[in-house]
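Single-letter residue listing:
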Amino acid sequence: MRLEGRRVVLGVTGSIAAYKACDVLRGLQKEGAQVRVVMTAAAQELVRPTVFRSLSGSPVLTGMFDDPQGEDIKHIALTEWAELILVAPATANLIGKVASGIADDLLSTVISAAGCPTLFAPGMNFRMWENPVVQGNVRKLKGLGYRFCGPVEGRLASGAVGVGRMADADEIVRAAVQALTGDDEGKGLRVLITAGPTREFIDPVRFISNPSSGRMGYAMAEAAAKTGAEVCLVSGPTELTPPAGVEMVRVCTAEEMRAAVTERVPQADVFVGVAAVADFAPAETAGAKIARADGDLTLALRPTADIIAEVGRAKGDRIVVGFAAEAGEGVERARRKLEAKSLDLVVLNDVTEPGSGFEVETNRVTLIRRDGSAEPLPLMLKTDLARHIWQEVLKLVGVTRSGGVA
Ligand code: PMT
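Note that the structure is predicted; figures quoted are calculated from it, not measured.

Rules used throughout
- Residues numbered from 1 in each chain as written.
- Predicted model: local features only at pLDDT ≥ 70, side-chain atom pairs only at ≥ 80, totals over all residues.
- Heavy atoms only, no water.
- Helix = DSSP H or I, 4+ residues; strand = E, 2+ residues; numbered from the N terminus.
- Buried < 20%, exposed > 50% of the residue type's maximum accessible area, 1.4 Å probe, protein only.
- Contact = heavy atoms within 4.5 Å.
- Areas by Shrake-Rupley, 256 points an atom, 1.4 Å probe, with all protein chains shown as cover.
- Patch = residues over 30% accessible without salt bridge, like charges linked within 9 Å, V, L, I, M, F, W, Y side chains within 5 Å.
- Salt bridge = Lys/Arg side-chain N within 4 Å of Asp/Glu carboxyl O.
- Disulfide = S-S within 2.5 Å.
- Core = buried A, V, L, I, M, F, W, Y, C linked by side-chain atoms within 4.5 Å.
- Near = heavy atom within 4 Å.
- Polar contact = N/O pair within 3.5 Å; in protein donor to acceptor, adjacent residues only side chain to side chain.
- Pairing = 2+ DSSP bridges.
- Axes fitted to C-alpha atoms, helices over the stretch in contact; angles between N-to-C directions.
- 1 Å grid on protein atoms, 1.4 Å probe; cavity = no way out; pocket = protein on both sides within 12 Å on 5 of 7 lines; lining within 4 Å.
- Points joined across faces, edges and corners; volume = space filled by probe spheres on them.

> Just checking my understanding: could you explain the overall build of the chain for this structure?
Secondary structure assignment for the chain yields 14 helices and 21 strands. If one aligns the C-alpha atoms of the chain with their principal axes, the spans along those axes are about 85 × 55 × 35 Å. Counting only residues that meet the buried cut, the chain has 52% of its 406 residues in that class. In the chain, the proportion of contacts linking residues at least 24 apart, taken out of those at least 6 apart, comes to 66%. Summing over all exposed atoms, the chain offers an accessible surface of approximately 18400 Å²; the carbon and sulfur share of this is 51%.

Below, the structure is given as structure tokens:
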């Protein structure tokens, strides 16, 4: 009962997933939360308010001017009552209204007047979710501190498969628990994360690199920082904005990344290697631009230092998490990496799979644990995945600190 006595407004909007909000309501109640349901007009076309009234045991609020039997639950009173507003499912329309400051019905008015966190669990057609305007609204809201859980990939009402399906009720309830109770779970932890590519120079204007955008690593840094952890992000060259509250160390080459990590890792409780560190660098870097007129060029490459293996060798009580980019099925290779580099967790992604790996905003990974278990996760936004992985890391920290076997 992690939400004993906590007060949640559950907003239900007009997505076909509206009926699944019943499971979310039940899940919140099982955790001990008091829930008041607000339905938009479109949601009422899909599920009758009496369903939610029966489940919640309270009047369902549907209009700005409802006045159910003497209870003072007009929109301001509701915002004062709520400790969390959870919108599940959240349509593109509702997200767009909140992002634009529009408050033209009870739910959008409650959200715009709220002083508490708001968590959206979007559910919509995948084309709507991919629409750049919707994505822009989501980015804007995230930047303003609104939280999101999902959507996830799956079969949609239209029969199409894509990212747009509302996350499972359990996952939404977990996100609600985190929003209400988990903000300081990482407090006291010092976390060192690497992200992005490295550049290995052939001459002053040419280098060997890879397509890492830094998205996955920055999302990890943000997820950890949001739980109160002290985060240092060692980043190769990217175009991303540094996450709020994170100490940034910018590097370029694998050797610079190694130096930055070596200096800071002794102070870290957790190391997460997300960076796509170049495995090879030119044996020599020419001092001047190599001229084409010089004819054929053969490059001698030398392996770079394996940063995470070095961190693993001096591991102590530190939790060490590695990402593994594999082309194709790589569970066994990832298990071997975990053993060889003394890692606690490997996040394996098949970078050849669509929507996964380099550059894109989503990722599909398999978590490989020390006990040998391999848990495949669905395709998720990197931001949601980062929160999931960070929760896994917190569990490992908890086990280590309580003297168990990580
Ligand atoms: O940045 P994005 O565009 O969001 O893309 C995300 C990602 C694909 C880069 C990320 O999800 C990922 O898979 N990162 C690991 C990439 C990688 O280098 O995998 P690897 O299997 O080659 O290396 C395994 C581990 O060793 C990684 O933790 C890596 O950081 C580390 N390593 C690798 C080489 C090296 N010289 N030193 C290292 O520490």
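> Please clarify how a nonpolar patch on the surface should be interpreted in this entry.
A surface patch of nonpolar side chains, about 380 Å² in accessible area, is lined by F280, L297, L299 and L301. Inspection of the secondary structure puts L301 in strand β15 (residues 301-303).

> Just checking my understanding: could you explain the state of the cysteines for this structure?
Each disulfide consists of a covalent bond between the sulfur atoms of two cysteine residues. The full count for this structure, using the stated rule, is 0 disulfides. The structure places no disulfide on C116, whose sulfur is separated from the nearest cysteine sulfur, that of C149, by 17 Å. Among the residues examined, C116 registers a relative accessible area of 15% and is labelled buried. For the unlinked cysteine C232, the closest cysteine sulfur is that of C252, found at 17 Å.

> Is there a simple way to think about the nonpolar core in this case?
For soluble globular proteins, the rule of thumb is that nonpolar side chains tend to be buried together. Core analysis: the largest hydrophobic core is formed by 37 residues, its most contacted members being L28, F52 and L86. Listing elements by their share of this core, those giving two or more residues are β1 (7-12), α1 (21-30), β2 (34-39), α3 (49-56), β3 (84-90), β4 (118-122) and α9 (169-181). For this core, the element with the highest residue contribution is α9, accounting for 8 residues. Sequence-distant contacts of F52, that is, excluding residues within four places in its chain, are made with V12, A18, A21, C22, L25, V37, M39, V47, G57 and V60. Of all hydrophobic cores here, the second largest spans 36 residues; its members include L189, V246, L385 and V397.

> Sorry, what's going on with the site of the ligand here?
Every one of the 29 residues lining the ligand counts as a neighbour, but S212, G273, A275, K337 and E359 are closest to it. Contact between the ligand and I307: a nitrogen atom at 3.1 Å from a main-chain N or O atom of the residue. Within the contact set of the ligand, an oxygen atom lies 2.6 Å away from a backbone nitrogen or oxygen of E359. Contact with the protein chains removes 95% of the 770 Å² of surface that the ligand exposes when unbound.

> What's the story with the pairing of strand β8 (residues 190-195) in this structure? I'm lost.
Each regular strand shows side chains that alternate between the opposite faces of the sheet. A large share of β8 lies buried, amounting to 5 of its 6 residues. Sheet topology places β8 next to strand β13 (residues 270-273); 4 bridges connect them, and they run parallel. By the bridge assignment, V191 is partnered in β13 with V270.

> I keep staring at the sheet that holds β13 and nothing clicks. Help me out?
Two orientations exist for strands paired in a sheet by backbone hydrogen bonds: parallel and antiparallel. Strand order in the open sheet formed by 8 strands is β12-β11-β8-β13-β16-β17-β19-β20, with mixed pairing between adjacent strands. At either margin of the open sheet sits one strand with a lone partner, and together these are β12 (247-250) and β20 (374-376). Within this sheet the neighbouring strands show an average axis-to-axis angle of 15°, counted without direction. Examined bridge by bridge, strand β11 (residues 230-235) and β12 share 4 bridges and lie parallel to one another. In the sheet register, V234 faces β12, and the bridge partner there is V249. The sheet strands contacting helix α10 (residues 215-226) are β8, β11, β12, β13 and β16 (319-326), and the helix crosses β11 at an angle near 170°. Helix α11 (residues 254-264) rests against β8, β11, β12 and β13 of the sheet, and its axis sits at about 175° to β8.

> Please explain empty space enclosed by the protein as it appears in this structure.
Take a probe with the size of a water molecule and roll it over the atoms, and the empty space left behind shows itself. Under the counting rule described, the total for this entry stands at 2 cavities of 30 Å³ or more. In this structure, the second largest cavity occupies an estimated 40 Å³ of space. Along its surface, the second largest cavity is lined by L119, R147, F148, A175, Q178 and R387. Elements with a minimum of two residues in the lining of the second largest cavity: β5 (147-148) and α9.

> What should I look at first to understand helix α6 (residues 106-113) in this one?
Given 3.6 residues per turn, any residue in an α-helix points the same way as the ones three and four places further on. Within α6, 6 of the 8 residues are buried, leaving the element largely enclosed by the surrounding structure. The complete set of buried residues in α6 reads L106, L107, S108, T109, V110 and I111.

> Please explain the pattern of salt bridges as it appears in this structure.
Two side chains bearing opposite charge may form a pair once their charged atoms approach each other closely. Tallied over the entire structure, the rule returns 27 salt bridges. For E31, the salt bridge goes to R2, with nearest N and O atoms at 2.8 Å. Highlighted residues: E31 in the loop between α1 and β2 and R2 in the segment before β1, separated in sequence by 29 residues. Using a relative accessible area of 13% as the deciding quantity, one classes E31 as buried.

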